[in-house]
Amino acid sequence: MSAAGTVAPATAGTAARCGVAATARGGWWGFLGAVVNATFGYVLVALVTRALGAHGSGAVFTGVAVFTILSNTCKLGADTGLVRFVSRDVATGGGHQVSALVRSAVVPGAAASTAAAALLFLSPSTATSLLPNLAPEDAVTLVRLFALFLPVATVSLILLGATQGYGTVVPFVGVEQVGKPVLRVLIAVPVAFLTPSVLSLASAWLIPSMAGALATWFALRRCHRTHRRTPTGPEVAAARRGFWAFAAPRAISSVFDISAVWVGVVLLSSLATSEEAGIYTAVGRVIVAATLLQLAIRLAVAPEISRLLAVDEIAQACHLHRVSTRWIVLFSWPLLVLLTSFPKTVLSLFGPEFEQGAVALVVLCAASAINVGVGNAQTVLLMAGRSSWHLVVTGAAFSVQLAVGILTVPRWGVLGAALSWGAAIVVENLVSAVLVRRHPGFTIVDRGYLTAAVAGLCLMGALVLPVRLLAGDTAVGLAAGIALGLCAFSISLSRFRAALGLSELVGVLRERAS
């Protein structure tokens, strides 16, 4: 810093390169993990749906939905709080408050998840209302099974937030995106062929949570070895106050975030049929796979933006946000174009009955294009400490989703659930983008962004549309669209690599390879 409080050019350039390099490395690991997660998640959904049909798979995934919503609710926003506060403490204070922060985060989360599990276990009426199409005894047993694993899964997610705060995504990728999905498939394969049932396949999904929690604990201990200084009493008290002032709004907004993904399954199971819940789950799995790069970049960019803002490197944080958004748009929009053009072919991989979700998939692809287009605007809000703003945004979006879902799901089923989620995605991301622009410099539209949009959306659409019209929504058409798209896309990457920010990305990956 200069005497005037501005960043010296050399320091600023170094900070920018370090932030982009860390994001590229973390994004690379996150992308690989997301590919594994999407692949094995796809395989698992296919196994469950083919073993149990739409009815049985709908019951399993309704249980997964409730479990996921509750585990993310009971975190109380502590995982995001640890990402922000651990990264700031490591950058400004050597990480000596991390132990106190972790203890402050884990104890309330463990208590909340244990209480929620007890309520599920002791309330049979909740199980029968969530799963009206199952026999009452089976519904109660299924919900109690998920309740047993709830506390350990919640604590594991909180601890993974602390490891991300240290600036590494490897533990999160290893546990949540590689370890658990792979173990679930390895367990589910013999179960699906030998003893397929709702309870056995639900157990296959839950059992890896124990191994994941153990791996997370060892990973956090390894991260913490280099930061062992014990803070004083006043430091601990101040850290706790600041932490929960941030985490409390995030605790509520995280409920809205995860509920947005799964509430459609619950609404379909309650207001429509389990078959439609199973179809919608498959559609949602495809959408998650299509936006996996955005998730990968988010994991890596969050602690970097928090670190840069903590040391007043505002310009570098803005640059990192622009570059990372460019990468997300460039690689995600072409995939969304393909999914929009061949929805029945993609969904037919789950089984012929799942082709009914084709229109729903198109709706969610259109909404996801807006999500991808604004980049990780919500992450910027959170890492800038605006958790209360984020709460207002997610609350408004969830209200829209719930209102639209209640009106449309009984009438249109899967399409109604997709319309409700799509409306929430559009509201949440557009409002977040507007709020981020209130921070000077946090803009994403520049020459590189427009180049990425042309290469990722316009060019891909111009090539795929004629193929779709000639070959139809068939496997042949999809294969031809992928082949043509890859050729044109590769030429675009080579021609505009500097404007797209790929030179920085390739440079980091080459350094890592060497």
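Below is a summary of the structure that appears in this document. (Residues numbered from 1 in each chain as written. Predicted model: local features only at pLDDT ≥ 70, side-chain atom pairs only at ≥ 80, totals over all residues. Heavy atoms only, no water.)

From N to C terminus, the protein includes 20 helices and zero strands. Residues classed as buried in the protein amount to 56% of the 514 residues present. Counted over contacts in the protein with a minimum sequence separation of 6, partners at least 24 positions apart contribute 83%. Approximately 20,400 Å² of the protein is accessible, and the part contributed by carbon and sulfur atoms is 69%. (Helix = DSSP H or I, 4+ residues; strand = E, 2+ residues; numbered from the N terminus. Buried < 20%, exposed > 50% of the residue type's maximum accessible area, 1.4 Å probe, protein only. Contact = heavy atoms within 4.5 Å. Areas by Shrake-Rupley, 256 points an atom, 1.4 Å probe, with all protein chains shown as cover.)

Glancing now at the pattern of salt bridges. Taken as a whole, this structure holds four salt bridges when the rule is applied. Across the pair Glu176 and Lys180 runs a salt bridge, and its minimum N-O distance is 2.8 Å. Taken together, the positions of Glu176 and Lys180, both in helix H6 (residues 170-194) and four residues apart, correspond to about one turn of that helix. Comparing Glu176 with Lys180 shows no difference in burial state: the two are buried. In this structure, Glu304 and Arg307 form a salt bridge, with 2.7 Å as the shortest nitrogen-oxygen distance. (Salt bridge = Lys/Arg side-chain N within 4 Å of Asp/Glu carboxyl O.)

Tallied over the full model, the rule gives eight aromatic pairs. Pairing Phe67 with Phe146 gives two aromatic rings, centres 5.8 Å apart and planes at 50°, and the pair type is tilted. Taken as a pair, Phe67 in helix H1 (residues 9-74) and Phe146 in helix H5 (residues 136-165) lie far apart in primary sequence, 79 residues in all. Its relative accessible area of 6% is what places Phe67 among the buried residues. Given a relative accessible area of 4%, Phe146 falls into the buried group. Between Phe146 and Trp205, the aromatic rings sit 6.3 Å apart at their centres with planes inclined by 50°, giving tilted as the arrangement. Highlighted residues: Phe146 in helix H5 and Trp205 in helix H7 (residues 198-206), separated in sequence by 59 residues. Residues Phe146 and Trp205 agree in their burial class; the two are buried. Cluster of aromatic residues (ring-pair linked, three or more members): Phe67, Phe146 and Trp205. Above the face of the Phe121 ring, Arg144 is positioned so that its terminal group lies 4.9 Å from the ring centre. (Phe/Tyr/Trp six-rings, centres within 6.5 Å; stacked < 30°, edge-to-face > 60°. Lys NZ or Arg CZ within 6 Å of the ring centre and 35° of its normal.)

A separate point is the nonpolar core. Grouped together as the largest cluster of nonpolar side chains are 136 residues, with contacts concentrated most on Leu82 and Phe350. Aside from chain neighbours lying at most four places away, what touches Leu82 is Ser87, Leu101, Val102, Ala105, Ile158, Gly161, Ala162, Gly165 and Phe243. Ranked by size, the runner-up nonpolar core spans seven residues in total, among them Val169, Phe172, Val175 and Ala300. (Core = buried A, V, L, I, M, F, W, Y, C linked by side-chain atoms within 4.5 Å.)

The next point concerns the side chain of Arg250. By the secondary structure assignment, Arg250 is in helix H9 (residues 233-271). Within the structure, the side chain of Arg250 is placed 3.1 Å from the side chain of Thr80, a separation counted as a polar contact. Not counting residues up to four positions away in its chain, the partners in contact with Arg250 are Gly77, Thr80, Asp257, Leu382, Ser387 and His390. (Polar contact = N/O pair within 3.5 Å; in protein donor to acceptor, adjacent residues only side chain to side chain.)

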